[in-house]
Structure formats: C-alpha cells, structure tokens
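# Structure at a glance
Chain by chain, the residues:
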Amino acid sequence: MPEFNLKVAKTLNYKRPEIEKGYNDQTLHINISEADISIRPVEQKTRDIFVGGKGYDLWLLWNAVQADTRWDDPQNAICIACGPLGGTPIYPGSGKSIATTLSPLTQAAIDSNVGGYFGPYLKFSGFDALQIQGKASRDTIIFIDGINQQIQILDAAGLPENAYELSAVLTDHFADGNPRNISVVSAGPGAQNTLIGCLNFTWYDAKRKRARYKQAGRGGIGTVFADKGLKALVARWDTVTADTNNPADKAKLKAVAKLHSREIVELDPKQNEMARIGTTHLVTIMNDHDLLPTHNFRYGSHSAAPNLGQEIFRRLFDPGFDGCWMGCTVACSHGVKDFVPLTGPFKGEKVFVDGPEYETVAGCGSNLGIFDPHTVIELNFYCDAYGLDTISVGTGIAFAMECYEMGLINQAHTGGLDLSFGNRASALELVHQMALGEGFGQIVGQGIRKMKAKFAGDFGADPAIMADIGMEAKGLEFSEYMTKESLAQQGGYGLALKGPQHDEAWLIFLDMVHNFMPTFEKKAEALHWFPMFRTWFSLCGLCKLPWNDIVPEDNKDTQEPAKILKHLQWYADYFSSVTGRSSAPEDLVAMSEGVYNFQRIFNLKMGFGTREHDALPYRAVGPVTELEYESRAERYDTQLKEIYKVDIEDKTTAEKTAIMRQLREEQYEKLQDAVYARRGWTPDGIPTVDTVRRLGIDFDEVLEVLKARGVK
Amino acid sequence: MIKVADHTVDWHAGMTISDLLIEINDPHPYAVVRIDQTYVSRPNFDKTIIPDNAEVYLIPMVAGG
C-alpha cells in the first residue's frame, strides 16, 4: 500500500432528498478552482424536455460554456448523470453513467455511456447530475458520501498514477469496511499526456474481492479530467433495492423486469452467450461478413482473425458473474485473471485485466494486423491503467502504421520504431510513450486529425492521401466496423452527432445482411428512428445490449424485427412504472428527438453541426487504392456493371476505382439529403425553426444560434 | 439426430447448415448459426457440415452494440 495524504479543502454537509420516481430534482455543482460546492434545483420544464442522463448533461454543459470556450478552459465542464431508471437492480442493464464534456478531439460536446456503480451511487446520494468546472492547482479528489450526506473536496498527494492501483487504493480507503459501497472514477497518466484519455469507472466484484473497471472511452473526457487536476471522484452509497428509486408502480416494475431478466437467462445461452464470452463472438462474425477492420480499415477480413475470436476468449476469460451493475443478467464485463504483461511497469506481475471487448480486440488487434490475443490483452490492460481510449489508440496507431508502410513517414519520424502492420512490440511501445508523453507515442496520442496536420506540415506527407485513409470524422477516431459496403452505416457514422461511434446507429446487419432498407427513404427512416431510440437509453441510464443483442425467438416473425417491438413495449412499461409518466413506445422516441436536435444545435453553437462536418474519409465509403479495389475486384466490377450500368470493358483498375469513388460519394450526398429532410433539417443539416418548435426546444438562445446561421 | 431450437431433426451425412434450413422450412435470413459452441456466419452456411448429435442454435441477430 503506497503512503499517501488526503487533506480536506472543503466540506459541505447536506440533507439528502427523498428520491421520488427515479428523480431527486437537484444537481450537484463543484468548481474546483474556488473549492465551491453548490446544490441547484431542476425545473420541471428541464425534466420534461431533457429527461435525465445525457439530456441533463447537455443542458448543464450548454449553460456552462460559451461558443469560444475551449476544452482546456476552466469553464469547460465535465458532467456525469445517471437517469431516472438508472440504479434499478432488478432490470437488466440499468446502471449506466453518462459522461459529457467539450472534447479535446472534436471541440464539441462528447458523451460516453459507461457501466460501473458511480452514476447510480451519485443519484442515490441525492443528485441527478454532477457538474465539475474549474481547474485545481494540486491533485484533487471529490468525495460524494451519500451515507453521511457530505461532499468533500480533498487535496491529494502520494497517490498512484495509474488507474489500476489508484482505484484499488481509494476503494480501500473510503470503504469503511464495505468496498461494495464505493465507486471510483479516475483517468491516468496517458489521459494527462494525450488528447484521447478515457475515464475508468469502478464496480466492486465481491466474489473476486477487487475493484473492476469500465471505461467512458470516447472523445478524451479523461484528458479534460486530468487537465482539471482531478485525481479521482469517489461516490459512496449503501444497499440498493428495487425500492431505492421509489418507483411509481413497484408491482408493474417488478413484473416487466422479471419478464426481461428471465428472457435473457433463457435465451442468452442459446444466442450469443454474452454472459460467458461478452462481445467477442462478434470478431469472427464480422470477419466472415467482411466487416472486421484489418490494416487500418483497408480490408474486412483476415485468415488469422479466429485467433482473436470467441473460441480463444472462452478459454481466457475468468468464469464468473461479470455484471457491471447489480442484478444485470447480461453480465458481459468479462476479464482475464493472472495475466502477466511482457512490457511496461507491470512486466512480470500478475494482473487482472478487465476486457477485452469486441471494439478493443478489433482496434488493438486486427486493425493493427496483430492477431495475437495476448498482445491485445496487454494493450487493453495498459490503456485502462494509463487512462487511454482503446478505440482511438487502435485506430490512431493503425493510421500511423499505414502511413509508415506507404512511406509517408519513416523511422526518422517515429524515433526508430518499425511501424509495420503486425509489429506488436512497437504498438505496445507507443502506448507506453503515450503514458509518458514522450516520443512518437506523444504524437499519435494527439489523435488522427492532429497527426495528419503534423505529418503534412513537418514531415512533408501528402495531405490528400492522408485525408482518405485517416479514419476520423469530426476529429474523432472511428470505432471498429467496416462501412464500405453499407451506405446506411456510412450514415450511421458520418451523421452521428459526436463523431463516428456506433452507439447512435449500428445498421450494418440490417442494411447489408438483411436488406431491410433497400431505398434511400428506408435508409433515411432508419437513420432517423435508430439514433433517436438509441439516444433514449442514455437519457435514462441504461445499457442498449438487453434491447437488441438478445432477442425474442419469435422476433423475426414480427412486423419490424429490427426494432424488437416486444422489448420496446417493455421499455415503455419500465419507464412508466418508475417515473409515473405514462408512455408508449413512440413516446420514448419523441423524448429523445428533442435532446438529439438540441445536441445538433449545440454543435452549431460551437462552430460545427452543418453538412460539411458530416463528411467522411473516403476509406469509409469505398476502396481508396487500386490494391483495395483489386482485393474485391469481382464485387466492385459487378456493382459497376449491374447497379450503376457502367461499361467497364477496357477500363484500368485506376479508372474503375475513380468511377467507383465518384458514384459512391454521390450516393452519400444523396443519403445526407434524405436524412436531413426526414429529421426536419435544412439541406445544410440544420434543424429548422419548425422542428425546434415542434420539439419544445425553441429557447431564445437556441433560436439565436439558428438565426446566426440564417435559419429563421 | 440433431437438436434445433428444442426440436429434434433427422441427421444425414454431409448435412450443411443450408440443407438444415431447407429441411426445417425456415426461410429467415439468419446471419449467424451456432453449432454447439462454434459460431458460423451465413457466408459459410453452404460449406459447414453439421456433425451428428450436434445442437444447433438459430440466432436471430439483428443488431449489436
């Protein structure tokens, strides 16, 4: 146990309100520059429009920042909220926290939906959301003690740097004999020294007697956290039951929770076995459908991909209950016990690794040309310990590797590192360098958009080819799905408000495999409905996996199998039973639509949020190089001939690649037109005044932002 | 004999997943089927042979993440 010192800088004793139907109707505000702690009420109108969770975060953040606020300004806020359904221990997937801030990668609002106990414990301590502003001059810990009804700001010294040890130490320190009562949020040295920092949220694993970790990965929230001088947030709460949210109709809640829980227990073993293998089943499935990114998204499959698949992780994962929230029957947060890293500060020590999940396997494995599960696990471990987002790490290194293989950069730039695809030692070394803020890893840790600028400006690399192969949009690195053959998923990434993360729309199977949306109109409808409904989960503090990863056996025979109608009704019943706000499935989508459009306008406020910002790198749309075209020549030739009616006789590969590019880029433009129209936006992608009025978000400041863009 | 979704189906040598779906008259465009603990994706349905006494799970996967 390291010696450390915590000194109280400020204490606020408060009276915890009785939680009513999932709400406290107050939020906690802390300014760490001034050691100021305040509690503010939530107006009924705010609750009606923004619902909770991500909705509350965005509203708080909107009011905290100005159009010229930068991510590292003291005014930038980190907001964390749960949601009215969050913390329900009898309904699967009900323990999510949603973290939001101005991103150092995108300069706009970013949100990340994460497991662990913090969000529910924050709410049960009396707060529907937490907003942190300011910057501390020394390492700072915020302790929210819902049991003793006390908030403390503490100056810290001597604590471990890495999240792995830090969370364990703080859990032990604040537990008062019951570590299950504690959840810690922390970042790490990688978050401090890059722009791709993540936050680690803990849950306590009583069986293994250790703090476990889930990550709010996307967009550099951990970097903002570290820049503020925050060392950790700690929440403390006591026993959780179905009564803790004080639901409006407990009998109805219990009934619907039982239906969903039991269905998962019955069907998960027959379907994806997520309680046993997490999301690793996706690796080979994606590979078989040519959707697994390999070698910086050049290709969608590789013969060695099964080395990273579920058959391997079935053996590597430590069996046992792995629910990141209490009572969840999906319980997919698996880990590897007694793993021994071959590099870095934990070299030769036995550690417990939380993960990997599919995204990490694809990002830090196949996309780097690495098909060794042990390297992937080691990258996973150090990313967590250093507070780095595995997706941005994987996609960022993949870009650097392709630049290296193309000769755009060389060992003079990389500090001697051989960045050929598949070089495991170099990938690990880059991650260690990110933690130290040294070497070429420090450059990679700035994200792809800044890498492109540096490689062009300082190393003389061709900006045009880097624009095509650098897999970022809006400044955020892509998550790990190939989109070349799914126009709908291109939209799912390109039109996503925060950047290319699949949580808004995961439409590949619906589009490519099931062909549920053969027309532009159907794709546009999907790119309206799915982002709206998926947003709803983050308003309420929920996980999406119980909705659509384990599906009723008769779902395929329903009118709209993609929506999983049975579950929609269950979620409407769940919402009604906790909040007392009677809701049908269509009401859930309507709730999200207001928040979704508000976030789009928030992007506008920050200088983004128009059509030009929904552009994609061409690698996401089609084959950039002749090599890529030739690798799937039969597919592309057939498309040119049969779909586009192009005479390809006597055409060279270069000519066919160019024709394909023009056609596919036109398709994406048409898709944008169709989606904007469906969402009630102008052709430039801006919500119209009629739309914001219909959704009840026509606040003066919203209308001012629209007016400044010529929308009246 | 193989087991499919709590029913038994007669097995024959060389039986592929595509054969099975025809024999049980299930036209749904499954993306994935599981044979015991092995996941098989649709592109491999024609060439994946089901062993005798296997348990086959027809996975109605529509989405993820």
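Because the structure is a prediction, the values reported are computed rather than measured.

Definitions and cut-offs
- Residues numbered from 1 in each chain as written.
- Chains lettered and ligands numbered in written order.
- Predicted model: local features only at pLDDT ≥ 70, side-chain atom pairs only at ≥ 80, totals over all residues.
- Helix = DSSP H or I, 4+ residues; strand = E, 2+ residues; numbered from the N terminus.
- Rg over C-alpha atoms; globule rule 2.2 N^0.38 Å.
- Buried ≥ 20, exposed ≤ 12 C-beta atoms within 10 Å, placed from the backbone.
- Contact = placed C-beta atoms within 7 Å.
- pLDDT = per-residue confidence, 0-100.
- Pairing = 2+ DSSP bridges.
- Axes fitted to C-alpha atoms, helices over the stretch in contact; angles between N-to-C directions.
- Expected span 1.5 Å × (residues − 1).
- Core = buried A, V, L, I, M, F, W, Y, C linked by C-beta atoms within 7 Å.
- Domains from an automatic or database assignment.

Here we come to the overall build of chain A. If you tally the helices and strands in chain A, you get 29 helices and 17 strands. Taken over C-alpha atoms, the radius of gyration comes to 24 Å for chain A, in line with the 27 Å a tight globule of 712 residues would show. With 712 residues in all, chain A has 59% of them scored as buried. In chain A, 71% of the contacts between residues at least 6 apart in sequence involve partners at least 24 apart.

Residue and element names in this part refer to chain B. Taken residue by residue, chain B gives an average pLDDT of 92. The fraction at 70 or more is 97%. When pLDDT is averaged over each helix and strand of chain B, the minimum, 93, is found for strand 4 (residues 38-41) and the maximum, 96, for helix 1 (residues 17-23). Across the interfaces of the predicted complex, the ipTM metric reaches 0.91, alongside a pTM of 0.97.

This next bit is on the sheet that holds strand 5 (residues 55-59) of chain B. The mixed open sheet is built from five strands, whose spatial order is 2-1-5-3-4 (chain B). Here the strands that pair on one side only, and so sit at the sheet edges, are strand 2 (7-9) and strand 4 of chain B. Sheet twist, expressed as the average angle between the axes of neighbouring strands with direction ignored, equals 30°. Summarising the sheet, strand 1 (residues 2-4) of chain B and strand 5 of chain B pair through two bridges and their orientation is parallel. Bridge assignment links K3 of chain B to a residue of strand 5 of chain B, and that residue is E55 of chain B. Where helix 9 (residues 281-288) of chain A meets the sheet, its contacts fall on strand 3 (32-35) and strand 4 of chain B, and the angle it forms with strand 4 of chain B comes to roughly 25°.

With that out of the way, let us pick up helix 4 (residues 163-174) of chain A. Residue and element names in this part refer to chain A. In this model helix 4 runs 16 Å from its N-terminal to its C-terminal C-alpha over 12 residues, within 8% of the 16 Å that 1.5 Å per residue would give. Within helix 4, the full set of buried residues consists of A163, Y164, L166, S167, L170, T171 and F174. Looking at the packing, one finds that the buried side of helix 4 touches strand 8 (140-145), strand 10 (182-186), strand 11 (199-205), strand 12 (210-216), strand 13 (230-236) and helix 12 (373-386). Positive backbone phi, at 50°, marks D176, one or two positions downstream of helix 4.

This brings us to the interface of chain A and chain B. Contacts between chain A and chain B engage 25 residues on the former and 18 residues on the latter. Elements with a minimum of two residues in the side of chain A that touches chain B: helix 9, helix 10 (310-316) and helix 20 (508-513) of chain A. The leading source of residues in the side of chain A that touches chain B is helix 9 of chain A, at five residues.

Another aspect to go through is the nonpolar core. All names here are of chain A. Judged by nonpolar contacts, the single largest core of 233 residues is most densely connected at V234 and V431. The dominant element in this core, judged by the number of residues it contributes, is helix 21 (residues 520-540), at 10 residues. Both domain 1 (279-316 + 334-477) and domain 2 (622-679) contribute no fewer than three residues apiece to this core. Excluding anything up to four places from it in sequence, V234 contacts I141, F143, I144, L170, F174, I182 and V184.

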